[in-house]
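Residue strings, one per chain:
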Amino acid sequence: MESFKVKGNANLKGNVIISGSKNAAVAVLPAVVLTKETVRLDNIPDITDVRTMIKILENLGVSIRRRGRNALDLTPNHLAAIDPSYDLVKKMRASYYFMGSLLARFGQARVPIPGGCDLGPRPIDQHLKGFSALGADINIEHGMINLSAKRLVGTNIYLDVVSIGATINLMLAASSAEGRTVLENVAKEPEIVDLANFLNAMGAKIRGAGTDVIRIDGVKEYRGVAHTVIPDRIEAGTFMLAAAATGGSVAVEEIIPKHLEAITAKLREAGAHVVVEPEKINIAAPDPLLPSDLKTFPYPGFPTDLQPQGMVLLTAAKGLSVITENVFDGRFNQVDELKRMGAKIKVEGRTALIEGGTRLSGAPVTAHDLRSGAALLIAALMADGESQISAIKHIDRGYENFEQKLINLGASIQRVSDDNYEQLSSSLD
Ligand code: EPZ
């Protein structure tokens, strides 16, 4: 296991280039199996979840040539399997997108019931309801989801819950269904638009992605294409919140500012200075931050994936702030760890009350999931003294080169393996 050794009282300054979107990449990669021709992908982030997805594709028979750290050519002309391996699938929840893409290509799929972050119950009833409406038979046994469909036939599907995963999975399956599918009450995230653009470039007929109604006319053939994945708005938002939380001055570059409007608005409300340029956002927070209320909602609301990082920012704002987590039932994994650093936070159900203004103090803490891990790193940078963050494998799932990007902004962070952490810390004091 590895940890980050972090010196506090950081003041992040400089420019950071944001990587490609994890959540777009893990949706586009399974969609590659729809074609037999070569697909050329760029701006793919080099993170653990993407490496896992690449291994799953190779196991299925896709030949993959890496053209660079963030550039891949994939040719799925010898697909031999319809069941991604359990050992790989259990590492990342997004592998369930192979349900939709393998159903579309082969009319069958066999995918282990998904694992993923510990964010409370994460059912997939909406995915299965949609697959069944399209004509798939579903049998769940021995921890496997077996889907098969002689024919997928287009139909109208109304999602009971706004779900990114269900929207993506049903868009994949419906792309090859006969006739028209209308998906209603769907998620509108930029990653869904990016996937729809990719599928349409391959020959799909998808209209309305980014709105709450998506119309899909099924096709049978898909061509190979080149696609560049959109920038990661959650990584960008993480750096924006880190800059403000450390009283720094940072420019996040190679982004799409429209995807970050909710974060920009919230940072301005908290007293940060935010200047938006065409592909860059500059954040500075010279003055004391102001307490504010934060509610998470599906896009274009404030993203749940930035709620833990937003909570850390609000510990620095003198006064009472209230966070309402409207997307997940149990997404406050960071709270107990932040309290070990002196944060004054009270959780009642989906609401967290933050009494901000007391400086955090460095402490040994543990990352429990990807985004709460990133939040703890921000807290460690803000705190007085040194912190050790363990279980950073969670952070490696979704942030490319994270510590190096922060070091380039002036942070003092070292990646150490837990077994020799003690020796190293004595030598560096
Ligand atoms: C996606 O997860 C993201 N993952 C998550 O990001 C993100 O937190 C989440 O959307 C919400 O924005 C990827 O894109 C790979 P949902 P997903 O289906 O698709 C309920 C990260 O840090 N629901 O939109 O699994 C569900 O319980 C990760 O990058 C059902 O009830 O989320 C939740 O309360 C963490 N039934 C809500 O909908 C279903 O069938 C939203 O979940 C599906 C979902």
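The structure under discussion appears in the preceding block.
Residues numbered from 1 in each chain as written. Predicted model: local features only at pLDDT ≥ 70, side-chain atom pairs only at ≥ 80, totals over all residues. Heavy atoms only, no water.

Observations regarding the environment of A177
The line we're drawing: For the purposes of this entry, the term helix denotes a DSSP run of H or I that reaches at least four residues, the term strand denotes a run of E that reaches at least two, and both are numbered from the N terminus.
If you trace the backbone, A177 turns up in the loop between α6 (164–174) and β10 (180–184). It is 24 Å that separates the C-alpha atoms of A177 and A226, two residues lying 49 residues apart in sequence.

Observations regarding the pattern of salt bridges
Cut-off, in case you're wondering: Salt bridges are identified by distance alone: a Lys or Arg side-chain nitrogen within 4 Å of an Asp or Glu carboxyl oxygen. Note on exposure labels: buried denotes an accessible area under 20% of the residue type's maximum, exposed denotes more than 50%, and partly exposed covers the range between, all computed with a 1.4 Å probe on protein chains only.
Summed over all chains, the structure comprises 27 salt bridges. K5 is paired through a salt bridge with E386; the nearest N and O atoms lie 2.8 Å apart. Placement of the pair is K5 in strand β1 (residues 2–7) and E386 in strand β22 (residues 386–390), with a sequence separation of 381 residues. Residue K5 is classed as buried on the basis of its relative accessible area of 4%. E386 gets classed as partly exposed once you look at its relative accessible area, which sits at 28%. For K405, the salt bridge is made with E235, and the minimal N-O distance between the two is 2.6 Å. Residue K405 is found in helix α14 (residues 402–407), and its partner E235 is found in helix α8 (residues 233–245); the two are separated by 170 residues along the sequence. The pair formed by K405 and E235 is uniform in burial state, with each residue classed as buried. Each of the salt bridges in this network shares a partner with another, and the network as a whole consists of R40, D42, R65, R67 and D73.

What about the environment of A242?
Following the sequence through the fold, A242 ends up in helix α8. Take A242: its relative accessible area is 2%, and that puts it in the buried class. Residues A242 and Q309, spaced 67 residues apart in sequence, show a C-alpha to C-alpha distance of 7.7 Å.

Here's the deal with the packing of aromatic side chains
Applicable threshold: Classification of ring pairs rests on two measures: the distance between centres of Phe, Tyr or Trp rings, Trp counted by its six-membered ring, which must be within 6.5 Å, and the angle between planes, read as stacked under 30 degrees, edge-to-face over 60 and tilted in between.
Applying the stated criterion to the full structure yields 3 aromatic pairs. Plain terms: the ring middles of F239 and F402 are 5.6 Å apart, the flat faces sit at 90° to each other, and that makes the pair edge-to-face. Of this pair, F239 sits in helix α8 while F402 sits in helix α14, placing them 163 residues apart in sequence. A centroid spacing of 4.3 Å and a plane angle of 20° characterise the contact between Y399 and F402, whose relative ring orientation is stacked. What makes Y399 buried here is its relative accessible area of 3%.

Thoughts on the sheet that holds strand β8 (residues 144–148)
Filter applied, for reference: In this scheme, strands are said to pair when DSSP sees at least two bridges between them. Working convention: axes come from line fits to C-alpha atoms, limited for helices to the stretch in contact. Angles between N-to-C directions cover 0 to 180 degrees. By definition, residues are in contact when any of their heavy atoms lie within 4.5 Å.
One open sheet holds the 3 strands; their spatial order is β6-β8-β7, and the pairing between them is antiparallel. The strands lining the two open edges of the sheet, one partner per strand, are β6 (108–112) and β7 (137–141). With direction set aside, neighbouring strand axes in the sheet form an average angle of 15°. Taken together, the 5 bridges between β6 and β8 define a ladder with antiparallel strand orientation. Across the sheet, residue A109 finds its bridge partner in β8, namely L147. Set on the sheet, helix α4 (residues 97–106) makes contact with β6 and β8; between it and β6 the angle comes to about 160°. Of the strands in this sheet, β7 and β8 are in contact with helix α5 (residues 125–133), which crosses β7 at around 140°.

Quick word on the site of the ligand
Selection criterion: A molecule or strand has a residue near it when one of that residue's heavy atoms lies within 4 Å. Distance and chemistry together define a polar contact, namely a pair of N or O atoms within 3.5 Å, with one atom able to donate a hydrogen and the other to accept it when in protein, and with adjacent residues in sequence counting only for side-chain atoms on both sides. The method behind every accessible area is Shrake-Rupley, applied with a 1.4 Å probe, and residues are considered shielded solely by the protein chains displayed.
Close to the ligand lie 27 residues, the nearest being D125, Q126, S163, D305 and V327. At 3.1 Å from an oxygen atom of the ligand is found a side-chain nitrogen or oxygen belonging to Y96. The contact in question runs from an oxygen atom of the ligand to an N or O atom on the side chain of S163, over 2.7 Å. Notes on the ligand: free accessible area 830 Å², of which the protein chains cover 90%. If you list the elements that add at least two residues to the shell around the ligand, you get α1 (22–31), α5, α6 and α12 (370–382).

Thoughts on the nonpolar core
Keep this limit in mind: For this analysis, a nonpolar core means a set of buried residues of the types Ala, Val, Leu, Ile, Met, Phe, Trp, Tyr and Cys, connected via side-chain atoms within 4.5 Å.
L195, F198 and L199 are the most contacted members of the largest nonpolar core, which has 75 residues in total. If near-sequence neighbours (up to four positions away) are discounted, F198 is found in contact with V28, A31, V32, V39, L41, V225 and H227. Counting residues in hydrophobic clusters, the runner-up holds 70 residues, among them V6, A285, I345 and A352.

Description of the environment of K318
Its place among the elements puts K318 in the loop between α10 (307–315) and β18 (319–325). Accessibility expressed as a relative area gives 67% for K318, which makes it exposed. Excluding anything up to four places from it in sequence, K318 contacts L289, P291, G356 and G357.

Some points on the side chain of S163
Relative to the elements of secondary structure, S163 occurs in the loop between β9 (156–158) and α6. Note on S163: relative accessible area 16%, which makes it buried. A polar contact is formed between the side chain of S163 and the backbone nitrogen of A166, at a distance of 2.8 Å. Filtering out sequence-adjacent residues up to four positions away, S163 remains in contact with H127 and A187.

Regarding α1
Here α1 lies mainly inside the structure; 9 of its 10 residues are buried. Looking at α1, one finds that the buried residues are K22, A24, A25, V26, A27, V28, L29, P30 and A31. Regarding α1, its N-cap is S21, as a side-chain oxygen of that residue lies 3.3 Å from the backbone nitrogen of N23 further along.

Let's talk about the sheet that holds β9
Read from one edge of the open sheet, 4 strands run β9-β10-β12-β11, paired in mixed fashion. Of all the strands in the sheet, the pair left with one neighbour each is β9 and β11 (205–207). Strand-to-strand twist in this sheet, taken as the mean axis angle between neighbours without regard to direction, amounts to 15°. Docked against the sheet, helix α7 (residues 190–202) engages β11 and β12 (213–217), running at close to 150° with respect to β11.

So far we have only geometry, and geometry alone does not tell us how the molecule works.
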